[in-house]
Amino acid sequence: MKTLVEFKRYLLRNKLSLVGFLLVNFILLVALFAPWIAPSPKEGRGVENIDHIGFGPGWHHWMGTDILGRDVLSRVIYGARPALLIAICVVLVAATVGTILGLVAGYMGGWIDEVIMRVCDLFLSFPPLLLALVAVSLLGPGLTHAALALVISWWPWYARLVRGQAQSLKSRAFVEVASAMGVGTFTIVRRHIFRNVTTPLIIQAAADLGTVILAAGSLAFIGLGAQPPQSDWGLMVADGRGLVFDQWWVATFPGLAIFITVLGFNLLGDGMRDFLDPRSQK
Amino acid sequence: MSAPIIRVSNLAVDFASKGIVVNTPLRGVSFEVESGKTLGIVGETGCGKTLTGLSILNLLPPNAIRRGEIWLDGHGELNSQNMADVRGVQISFIFQNPHSAFNPVFTIEKQLKIVAHRQGLDHHQGERIIRDRLKEVGLDDIDRVLTSFPHQLSGGMLQRCMIAMALLGIPKLLIADEPTTALDSTIARQILTLIYNLQKQYGFALILISHDVGLVSDIADNIAVLYAGRVVETGTTNLVLSDPKHPYTRGLLQAIPSASVVRGGLTAIPGQVPANTLTIVGCSFASRCSQVQASCANDPALKEIAGRNVACGVVTR
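Residues numbered from 1 in each chain as written. Chains lettered and ligands numbered in written order. Predicted model: local features only at pLDDT ≥ 70, side-chain atom pairs only at ≥ 80, totals over all residues.

1. Let's talk about the overall build of chain A
Reasoning step 1: Secondary structure summary: chain A contains 12 helices and 0 strands in total.
Reasoning step 2: Overall, chain A shows an N-to-C arrangement of helices and strands of α-α-α-α-α-α-α-α-α-α-α-α.
Reasoning step 3: With respect to the principal axes defined by its C-alpha atoms, chain A has extents near 75 × 45 × 30 Å.
Reasoning step 4: Put simply, of all contacts in chain A between residues at least 6 apart along the chain, 68% involve residues at least 24 apart. (Helix = DSSP H or I, 4+ residues; strand = E, 2+ residues; numbered from the N terminus. Contact = placed C-beta atoms within 7 Å.)

2. Section: the overall build of chain B
Reasoning step 1: When its secondary structure is counted, chain B shows 11 helices and 12 strands.
Reasoning step 2: Here chain B has a C-alpha radius of gyration of 20 Å; the compact-globule value for 317 residues is 20 Å, and the two agree.
Reasoning step 3: Its C-alpha atoms give chain B principal-axis dimensions of roughly 65 × 50 × 40 Å.
Reasoning step 4: Looking at the 317 residues of chain B, the share that counts as buried comes to 44%.
Reasoning step 5: Restricting the contact set of chain B to residue pairs at least 6 apart, pairs at least 24 apart contribute 64%. (Rg over C-alpha atoms; globule rule 2.2 N^0.38 Å. Buried ≥ 20, exposed ≤ 12 C-beta atoms within 10 Å, placed from the backbone.)

3. Quick look at the environment of glycine 234 of chain A
Residue and element names in this part refer to chain A.
Reasoning step 1: Structurally, glycine 234 can be placed in helix α11 (residues 233-240).
Reasoning step 2: You can call glycine 234 buried: it has 28 C-beta atoms within 10 Å.
Reasoning step 3: Taking the C-alpha atoms as reference, glycine 234 lies 7.4 Å from proline 254; in sequence the two are 20 residues apart.
Reasoning step 4: Setting aside anything within four residues of it in sequence, one finds glycine 234 in contact with Ala216, Gly217, Ser218, Leu219, Ala220, Phe221 and Gly225.

4. Comments concerning the domain arrangement of chain B
Residue and element names in this part refer to chain B.
Reasoning step 1: In terms of domain boundaries, chain B breaks down into domain 1 (4-90 + 171-310) and domain 2 (103-166).
Reasoning step 2: Here the C-alpha centroids of domain 1 and domain 2 sit 29 Å apart.
Reasoning step 3: In this assembly, 11 residues from domain 1 lie in contact with 11 residues from domain 2.
Reasoning step 4: If one sorts the elements of the side of domain 1 that touches domain 2 by residue count, helix α8 (residues 185-202) sits on top with 5 residues.
Reasoning step 5: Its residues assigned to classes, the side of domain 1 that touches domain 2 comprises 10 nonpolar, 1 polar and no charged. (Domains from an automatic or database assignment. Nonpolar A, V, L, I, M, F, W, Y, C, P; charged D, E, K, R; others polar.)

5. Focus on the sheet that holds strand β5 (residues 76-77) of chain B
Residues and elements named next belong to chain B.
Reasoning step 1: With antiparallel pairing, 4 strands are arranged side by side in an open sheet as β2-β1-β4-β5. This sheet does not close on itself; its edge strands, each paired only once, are β2 (20-34) and β5.
Reasoning step 2: Relative to β2, strand β1 (residues 4-17) is paired through 10 bridges, and the arrangement is antiparallel. What sits directly across from proline 4, in β2, is glutamate 34. (Pairing = 2+ DSSP bridges.)

6. Observations regarding the packing of helix α10 (residues 185-221) of chain A against helix α12 (residues 249-276) of chain A
All names here are of chain A.
Reasoning step 1: The interhelical angle for the contact between α10 and α12, taken along N-to-C directions, is 170°, at an axis separation of 8 Å. Between α10 and α12, the angle is such that the two are roughly antiparallel. Contacts from Thr199, Ile202, Ile203, Ala206, Ala207, Leu209, Gly210, Ile213, Leu214 and Gly217 in α10 reach Ile258, Thr261, Val262, Phe265, Asn266, Leu268, Gly269, Met272, Arg273 and Leu276 in α12.
Reasoning step 2: Residue classes in the contact of α10 with α12 are distributed as 13 nonpolar, 6 polar and 1 charged. (Axes fitted to C-alpha atoms, helices over the stretch in contact; angles between N-to-C directions. Parallel < 35°, antiparallel > 145°, perpendicular 65-115°, else oblique.)

7. What about the environment of aspartate 232 of chain A?
Residue and element names in this part refer to chain A.
Reasoning step 1: Locating aspartate 232 in the fold gives a position in the loop between α10 and α11.
Reasoning step 2: A tally of 31 C-beta atoms within 10 Å means that aspartate 232 is categorised as buried.
Reasoning step 3: Spatially, the C-alpha atoms of aspartate 232 and aspartate 274 are 32 Å apart, while their sequence positions differ by 42 residues.

8. Some points on the sheet that holds strand β10 (residues 230-236) of chain B
All names here are of chain B.
Reasoning step 1: In spatial order, the strands read β6-β7-β8-β3-β9-β10-β12-β11; together these 8 strands make up an open sheet with mixed pairing. Because the sheet does not close on itself, it has two edges, and the strands there are β6 (91-94) and β11 (303-305). For this sheet, the mean angle separating the axes of adjacent strands, direction not counted, is 20°.
Reasoning step 2: Inspection of the sheet shows β11 paired to strand β12 (residues 308-310) by 3 bridges, in the antiparallel sense. Within the sheet, the bridge partner assigned to lysine 303 lies in β12 and is valine 310.
Reasoning step 3: Against the sheet, helix α11 (residues 247-254) engages β9 (222-227) and β10, with an angle of about 100° to β9.

9. With respect to the pairing of strand β3 (residues 38-42) of chain B
All names here are of chain B.
Reasoning step 1: Most of β3 is tucked away, with 5 of its 5 residues classed as buried.
Reasoning step 2: Both faces of β3 are covered, namely the face carrying Thr38, Gly40 and Val42 and the face carrying Leu39 and Ile41.
Reasoning step 3: Relative to β9, β3 runs parallel, the two being bridged by 4 bridges. Residue pairing for β9: isoleucine 41 is matched across the bridge by alanine 224.

10. Considering the interface of chain B and chain A
Reasoning step 1: Each partner contributes residues to the interface: chain B has 19 residues there, and chain A has 15 residues.
Reasoning step 2: Among the elements of the structure, α3 (98-101) and α4 (108-118) of chain B are those that each provide at least two residues to the side of chain B that touches chain A.
Reasoning step 3: The dominant element in the side of chain B that touches chain A, judged by the number of residues it contributes, is α4 of chain B, at 3 residues.
Reasoning step 4: Counted by class, the side of chain B that touches chain A contains 13 nonpolar, 4 polar and 2 charged residues.

Next comes the structure, spelled out in structure tokens:
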């Protein structure tokens, strides 16, 4: 495993990755300290302020106010919380489920492999957003259900990735050595195989974080994700959609927030890939 | 003469595809090894040497069918149930290529500890024994070796680590499958001497698998010559190598390169090993043998000729 020092040196040499790294950290900090940064934490949490309806961007409201008079900047700041939460939870759970099933399928082979991979194929043959839509419409809208729906459509990618790696790793000599030494199957999979798939896993997870934020935003936009009055970027874009010609700021700023966050995660993900995978290094 | 540690009789391996046997690489191999003694298994590529070693520990691919009996002192006949108690504890294995035998993402210490843990040693015992073994295999800077990743060590050092790993639990039997083939010749000699000395120290039985007859003859007490999945000649190393009886053994010994024959070219055995996809009728060596006769159409059994066992229908004394 390469060290943090090496990663720092890599970031300093690769400006785009550095930009991604800084953006992601900036958004993490914003989400973490939202109550202290937001000009109006109360409005950020979704409490209306009918005296301030329809203010444009100005000195008091940098990003203007929305149809219920809430400060858009405060809401954008608070919106970082569900966005990051859903991204991290979905990727973590999908990667865990996918890794376990992928390891079992890849190492055991045979009919177990066949069953797991056919189930994967089944899930992958649906467009991810459509699958999420079906799940949410069955379970009812809400952030948790949206996250669950995203996990359902995301884990097969991890299962496939890990299964392929496990399959090629299990024929490596060190696995044979371990079994000749009497090391049990569980230990071999846990130590020898899993440890060798962590790099592609990290690369995949880093690249997925941005995509999940985008997908969660899309779900919220069509009303299946976060519910009002929660501050969620996708929901805010949906709120501002009808007013985009009169009050452009209501939809634009949360949209920009999504854009910047996804860009940051993608740049960082690309950077992680180049850093961890020696083959893609120029 | 002490009792044998391991007795292998009529070991045969078939490979099946969709229930149909497509390959018969091992067709009845028998031998026994006594404690503290070395059996050298020699033969050319594809004759079943490695497969013999792997099938003792039942490390065969899932489509392999193993027949015959393997009996281990104190454990009786080995089957898939008691195999778990035997692997790495009673029988250890040294593999050909030390570079691929270690997991590239772990330090040597971590990998040795996984094996030590499997031996039932606790953390402190394990660490002590790992250090003892590494010292015994002739490594000096043990702290550096332990914290190194496999790619940071040379082939010779890694093979020493491999030997240390195999000997963590002092096995009754050590199987060394071409332990020096991936190493250059001076290191190969050192590693072989090391294995020999450790055997004298711990008294385990050793099965040394190699294509290099010269190397095997240095330390093996007995030798078994394998051809097309069968033992064609077996006996004490001195007897077999000084006066080979089977035409194949003779050919094999003539094919050993030495400095004096380089200009004259090497002597090769004409022809090829019969494909193991075929059902072999009669003597498997008949197609390449210079002394072939009509009686070679019958399958020759091992019989005693001049103090050793030979499977040849033509040679009589």
